[in-house]
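# An overview of the molecular structure
What follows is the residue order along each chain.
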Amino acid sequence: MKYTFFGMNFEVFALERFQSIWEHKVAWNLAESGVHPLRVEELIDSKGDRQAVMSLPLGYPQTNGTPELRASIASMYPGASPAHVLVTNGGSEANLITLMHLVQPSDQLVVMMPNYMQVRGLGRALQAEVRQWTLSEGANKNQPRWAPDLDALRALVTERTRAILICNPNNPTGARLTASELDEICRIAARSGAWVVSDEIYRGAELDGVETPTAWGRYERVIVTSGLSKAFALPGLRIGWVVAPPALIDELWGVHDYTTIAPGAINDRLARIALAPERRELLLARTRGILRTNYPTLKRWIERRAAALTHVPPEAGAIAFVRYSHRIGSTRLVERIRDEQSVLVVPGDHFEMDGFLRIGFGCDPELLVPALERIGQVLDSVDAGTTHPAHAR
């Protein structure tokens, strides 16, 4: 099924539709890729902040984001200023307006896979030639990681390549690119003058506490998209942003005028509170604390089922991409887990990687163990072959 909008044919965004339908109907939701969200009262913990929000006029804010918010965002990217920042309604709008502006029919896009599938769907709707660049689980068994094949990227990028789209840290694998890998991606892009569009919405949610290198500042044609949904545990604020050269930001602002016009006034104000330097560090520390508390629980559960389940340990984000050998397709398996045990996880099919499940572990720690036990009950009732057909070579 496809949807037509302004002459563009959009594929059904399977992941988002699946989550939207089911996430509020199940007892245990492990489909989320962020951590348990903050309450407003946790974010606004001073009388002054509460009074400022309660007295805020509900008019239109500055449509590209208030100067104060853009300054806070710019401070996270070396050398950036408020002129380098456009505030959007979530990271999804940041990706949308970036690709709407950059991409013309017949342009070529190289998309890291697996990935948040919005960008590939947008590329196809914009009639670009989409080339997929796939991460591999790597050959080093002592230090397993989902790694980029830079030789494969060199072969995919041509003079027609308009942009290389990466997700770092990566959804759904939880992998992160190194500084040297980012430098090489930028060098490859520079050969043809392609843009590097780096979705960095999980940056700050690292299990080891070491912030993921940003692509920003490594090449004059880098665009970063991000937001408060994942690492900051504030998805309901719907605050995202684009960081790019000022001339491009002005052009993207023009596209933004035709989409959502402006962020909400309250959202902008709460985002400024969240990104004040001391508060920002507290929010990220909270996120990393949840990850470090919950991931060992998930890891032990996987290891107890080592005959049928394996995974590459995630480096960032509240997600693990778990390979299973049970002889059942991932969509059907997830349906059974949902229908029989009221637990929601994401099928690998939604990333075109059958034989995997994306399991979120950013929930309340007290909910994780019973949810995993219920998944295990379904797995125990399914034939566990030595190899899932999707993994056979």
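Structure first, text after, so check above.
What follows is about empty space enclosed by the protein. Inspection of every chain in the model, using the stated rule, returns three cavities of 30 Å³ or more. One number sums up the size of the largest cavity: a volume of about 70 Å³. Residue lining of the largest cavity: Met76, Tyr77, Glu200, Ile201, Arg203, Glu211, Ser226, Phe232, Trp241, Arg280 and Leu284, and that is the complete set. Partitioned by chemical class, the residues of the lining of the largest cavity number six nonpolar, one polar and four charged. Considering only enclosed or pocket space, the second largest cavity measures out at about 50 Å³ in volume. The wall of the second largest cavity is formed by Asn95, Leu99, Asn115, Val119, Leu165, Ile166, Val197 and Asp199. If you list the elements that add at least two residues to the lining of the second largest cavity, you get α5 (90–102), β7 (161–167) and β8 (195–199). Here the lining of the second largest cavity is composed, by residue class, of five nonpolar, two polar and one charged.

This brings us to the side chain of asparagine 294. Inspection of the secondary structure puts asparagine 294 in helix α11 (residues 277–304). Since its relative accessible area comes to 1%, asparagine 294 is described here as buried. Asparagine 294 has contacts with Phe361, Gly362, Cys363, Pro365 and Leu368, leaving out every residue within four places of it along the chain.

In this section: the sheet that holds β7. Pairing within the open sheet is mixed, and its seven strands lie in the order β4-β10-β9-β8-β7-β5-β6. One side of each edge strand has no neighbouring strand; the edge strands of this open sheet are β4 (85–88) and β6 (129–134). Going across the sheet, the axis of each strand differs from the next one's by a mean of 20 degrees, ignoring polarity. Sheet analysis places β7 next to β8, joined by five bridges and oriented parallel. Looking at β8, one finds that isoleucine 164 is bridged to valine 196. Sitting on the sheet, helix α9 (residues 246–256) touches β4, β8, β9 (222–227) and β10 (240–243), and the angle it makes with β4 is about 20 degrees.

What follows covers the packing of aromatic side chains. What the rule picks out here adds up to six aromatic pairs. Pairing tryptophan 146 with phenylalanine 321 gives two aromatic rings, centres 6.2 Å apart and planes at 55 degrees, and the pair type is tilted. Placement of the pair is tryptophan 146 in the loop between β6 and α7 (150–156) and phenylalanine 321 in strand β12 (residues 319–324), with a sequence separation of 175 residues. Each member of the pair, tryptophan 146 as well as phenylalanine 321, is classed as buried. For the ring pair phenylalanine 321 and phenylalanine 356, a centre distance of 4.6 Å and an interplane angle of 5 degrees mean the geometry is stacked.

Look at helix α12 (residues 330–341): 16 Å from first C-alpha to last across twelve residues, which is about the 16 Å you get at 1.5 Å a residue. When we look at burial in α12, the residues that qualify are Ser330, Leu333, Val334, Arg336, Ile337, Arg338 and Gln341. Just past α12, the residue serine 342 takes up positive phi, approximately 55 degrees.

To continue, consider the packing of α12 against helix α13 (residues 365–380). The contact between α12 and α13 brings their axes to 10 Å, and the two run at 120 degrees. Compared by their axis directions, α12 and α13 come out oblique. Handedness of the crossing formed by α12 with α13: right-handed. The residues of α13 that touch α12, namely those facing Leu333, Arg336, Ile337, Glu340 and Gln341, are Arg374, Ile375, Gln377, Val378 and Leu379. Broken down by class, the residue content of the contact of α12 with α13 amounts to five nonpolar, two polar and three charged.

Before going further, it helps to spend a moment on α5. Helix length check: α5 (13 residues) gives 19 Å between terminal C-alpha atoms against 18 Å at 1.5 Å per residue, within 8%. Among the residues of α5, those classed as buried are Gly90, Gly91, Glu93, Ala94, Asn95, Ile97, Thr98, Leu99 and Leu102.

Remark: α11 packs on α13, axes separated minimally by 10 Å, with the N-to-C direction vectors making an angle of 20 degrees. In terms of orientation, α11 and α13 fall into the roughly parallel class. In this structure, α11 crosses over α13, and the sense of that crossing is right-handed. Listed contacts from α13 to Thr293, Asn294, Thr297, Leu298 and Trp301 of α11 are Pro365, Leu368, Val369, Leu372, Glu373, Ile375, Gly376 and Leu379. In terms of residue class, the contact of α11 with α13 is built from eight nonpolar, four polar and one charged.

This part covers the pairing of β9. Among the six residues that make up β9, six are buried, leaving the element largely enclosed by the rest of the structure. Across the two faces of β9 the burial is the same, with Val222, Val224 and Ser226 and Ile223, Thr225 and Gly227 all buried. Both β8 and β9 contribute to a ladder of four bridges, which runs parallel. Bridge pairing links serine 198 to valine 224 in β9.

To continue, consider the environment of isoleucine 97. Here isoleucine 97 is to be found in helix α5. By relative accessible area, isoleucine 97 is classed as buried at 0%. Residues isoleucine 97 and threonine 259, 162 residues apart in the sequence, show an inter-C-alpha distance of 8.1 Å. Those residues in contact with isoleucine 97, other than ones at most four positions away along the chain, are Leu86, Thr88, Leu252, Val255, His256 and Thr259.

The rules behind the values
Residues numbered from 1 in each chain as written. Predicted model: local features only at pLDDT ≥ 70, side-chain atom pairs only at ≥ 80, totals over all residues. Heavy atoms only, no water. 1 Å grid on protein atoms, 1.4 Å probe; cavity = no way out; pocket = protein on both sides within 12 Å on 5 of 7 lines; lining within 4 Å. Points joined across faces, edges and corners; volume = space filled by probe spheres on them. Nonpolar A, V, L, I, M, F, W, Y, C, P; charged D, E, K, R; others polar. Helix = DSSP H or I, 4+ residues; strand = E, 2+ residues; numbered from the N terminus. Buried < 20%, exposed > 50% of the residue type's maximum accessible area, 1.4 Å probe, protein only. Contact = heavy atoms within 4.5 Å. Pairing = 2+ DSSP bridges. Axes fitted to C-alpha atoms, helices over the stretch in contact; angles between N-to-C directions. Phe/Tyr/Trp six-rings, centres within 6.5 Å; stacked < 30°, edge-to-face > 60°. Expected span 1.5 Å × (residues − 1). Parallel < 35°, antiparallel > 145°, perpendicular 65-115°, else oblique. Left-handed = near helix turned anticlockwise from the far one by under 90°.

Any functional reading would require information that these geometric values do not contain.
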